[in-house]
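The primary structure of each chain is shown beneath.
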Amino acid sequence: MAEYKLEVTTGDMQYAGTWDHIFITFFGNEGQSDRTELDNFGTDFTRGATGTYTIKTSSSLGKLLLVKVEKDPYLVLSEDEWYCSKIVVTTPEGNVILFPCYRWISRGELVELRGGRAMKVFEEDHPLLTDHRKKELILKKSLYQWKIMAEGLPHINSFNNVSELPDEIRFSKSKSSKTLNTKRIIGVELKLKGMIGSMEKWESIEDMKKIFWYKKTTMSEYVTEHWKEDDFYGYQFLNGINPNVIKKCSELPPNFPVTEEMVKPFLEEDSSLEEEMEDGKIFLYDQKKMDGIPARDYNGEPLHVSAGLCLFYLNPEDKLMPIAIQLHQQPSEDNPIFLPSDSETDWLLAKMFIKNADVVDHEVVHHLMKTHFLAEVYNMATLRCFPVIHPLYKLLIPHFRYTFNINMVGRESIFGTNGILKMSSLGSEGLTELMRRALSETTYSSLCLPENITARGLKSIPNFYYRDDGLKLWNIINRFVKATVGYYYPSDKTVHKDTELQEWISEIFIHAFLGNKASGFPACFNTVKEVIRFITVVIFTVTAQHAAVNSGQFDYHWVPNGSLLLHKHPPTTKGQSSMETILETLPNVGETVSFAAMAWVLSEKYTDVVPLGAYPEERFDEPAPKQMIKDFQEELSYLSEEITSRNSELKVPYTYLNPTEIENSITI
């Protein structure tokens, strides 16, 4: 007689427990057990509980291969699901084997669990496991299928509604209810104030500070007080929510005819524009990819988004100052170059039109497309190409929690019939074209932060906290990935042999980057080094990069500081503006509060957050990767302390890349 000891853990989320009957069958390389009900005295399978059971067999089953879990009804008329977290089995030989589950199991459903060491396809050594692996991937590929959202954009999942998603990748009930509650609180307040749908124009900038009674942050308050200041304007292109757009300027573009006389008053005394460029002190914002994209109509008249250029100067106080703005790509008499010496409202308007383009670019390109939409492709390929026993599935799946759900909700609330971004200056067609252009220009190296920073000439610019914190995070993630990948892929030969890995990167190349070889993205892997680099990109993108471009949206998206919509056309002459012009240019009350509500929802912190480096689901059974996770967490903790210490001495703290503030996946 042989005894197998089981520890069965039920999830700790709402409604995870069950009254139904749970049956277990073991399969080993020397036989299988009888189908056995798990039934102790008292109530089994309550939320968060771990039950211990014993299954007896006439003899050892040899190497334990699979555990089959079945769920039969307790009460025929009631339907409930059970969330099984994991099953740990101690064999008669004393081996302790982890069988991760982490999924909802419905009535009448059977689930076969793989346990033990993570296995690549060429390592399978038993026909039962080979067959199980094939069947799992066939099922997953039938469930997770690709769909084209729009030509020229990354492909998406084919589910029509979040209700069709498998339960384990859908929002938890608590997440859904708390998100809905946040939206209700916002809606009630704005409705009571009569702001929703209001077509009235703002009477003053001060009135815009009173949109919400209590929703404020230290940074949002700072923005409302300092948004007009040139040094804060420049600071935002380094440490605001779109820190990936400016680059060092060593030669002026021929379509931006800034002269020495124009900018000399704003440079260091006895210096020249040429000398400052040679010293690496001149930087450029150039929104040329927006040129020619038609804006949407508003009350029968076309709006406008400025495909402009802005020149910045790093002054002797190490402040990045805007010194020249041109609001269209082609110079002309109707396209003057605006300067800080122009009237206050002329200069303010010019800066506002640059920021309008920047905010639109941020929201749909750097936020939605380059984090959310790429994450969805990474997620889809992982679900389709890797069985749950694959080491890279175990490594990556924690970084895709809720990705499908939030993207499907976002596509409806942002691009749907009443989507918030339809209210932007470009409208849905213009935004789609902007993303299409941006994707066609996106390179692999631009998603690799160290190469991105170097290519833009920003390695030494001071007070660039996004760069400082981001590079440290990149290196920490890279070391973790290098250790984990190196453990499972000790040679380039093992990379070549892993057909599932090759299919994974091929699907990503096709469905994220549309097979564009000029982008530099890999279509296959030849070396371990290539795998490490790409997986570092994936994890960095869905954690740190998303935090950098998302978490500060409420802080910075105060409409005068940066609006998705401007009503008037960019100025074509100088000396014709006033504060009244500014107010007429800004969105009306109803539009403003819609944008403010979106920023609140997108930057809200919810209670079920999983921070970067936390892996609450135990998927690895080997000591080595478990230790690698601990080392990863330790490095993140040290960095968090370092960033907190630095921020305590800053007038404007940069918090978005503090590991404690970064989620382990894109959930909002």
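Scroll up for the structure.
Let me begin by describing the structure that accompanies this report. (Residues numbered from 1 in each chain as written. Predicted model: local features only at pLDDT ≥ 70, side-chain atom pairs only at ≥ 80, totals over all residues. Heavy atoms only, no water.)

### A few points about the environment of Tyr 488
Phase 1: Tracing the backbone through its elements, the reader meets Tyr 488 in helix 12 (residues 465–488).
Phase 2: Residues Tyr 488 and His 390, spaced 98 residues apart in sequence, show a C-alpha to C-alpha distance of 9.8 Å.
Phase 3: Discounting chain neighbours no more than four positions away, the residues touching Tyr 488 are Arg 117, Ala 118, Lys 120, Pro 391, Phe 620, Glu 622 and Pro 625. (Helix = DSSP H or I, 4+ residues; strand = E, 2+ residues; numbered from the N terminus. Contact = heavy atoms within 4.5 Å.)

### Some remarks on unusual backbone geometry
Phase 1: One non-glycine residue, Tyr 402, adopts positive backbone phi at about 70°.
Phase 2: Note that Tyr 402 resides in the loop between helix 8 (391–396) and helix 9 (403–415).
Phase 3: Unlike most non-glycine residues, Asn 463 shows phi in positive territory, near 60°.
Phase 4: Here Asn 463 lies in the loop between helix 11 (449–455) and helix 12.

### What to know about the packing of helix 4 (residues 230–239) against helix 7 (residues 344–385)
Phase 1: At their nearest, the axes of helix 4 and helix 7 sit 12 Å apart, and the two run at 15° to each other. By the criterion of interaxial angle, the relationship of helix 4 to helix 7 is roughly parallel. Here the hand of the crossing between helix 4 and helix 7 comes out left-handed. Residue-level contacts link Asp 230, Tyr 233, Gln 236 and Phe 237 of helix 4 to Trp 347, Lys 351, Ile 354, Lys 355 and Asp 358 of helix 7.
Phase 2: Partitioned by chemical class, the residues of the contact of helix 4 with helix 7 number four nonpolar, one polar and four charged. (Axes fitted to C-alpha atoms, helices over the stretch in contact; angles between N-to-C directions. Parallel < 35°, antiparallel > 145°, perpendicular 65-115°, else oblique. Left-handed = near helix turned anticlockwise from the far one by under 90°. Nonpolar A, V, L, I, M, F, W, Y, C, P; charged D, E, K, R; others polar.)

### So, the sheet that holds strand 1 (residues 2–10)
Phase 1: Ordered by their spatial adjacency, four strands build an open sheet running 5-1-7-8, and the pairing between neighbours is antiparallel. Looking at the sheet topology across the chains shown, the edges are occupied by strand 5 (50–57) and strand 8 (96–105). When strand polarity is set aside, the average angle formed by the axes of neighbouring strands in this sheet is 20°.
Phase 2: Bridge analysis of strand 7 (residues 82–90) against strand 8 gives eight bridges, and the strand direction is antiparallel. In the strand pairing of strand 8, Trp 82 is matched with Ile 105. (Pairing = 2+ DSSP bridges.)

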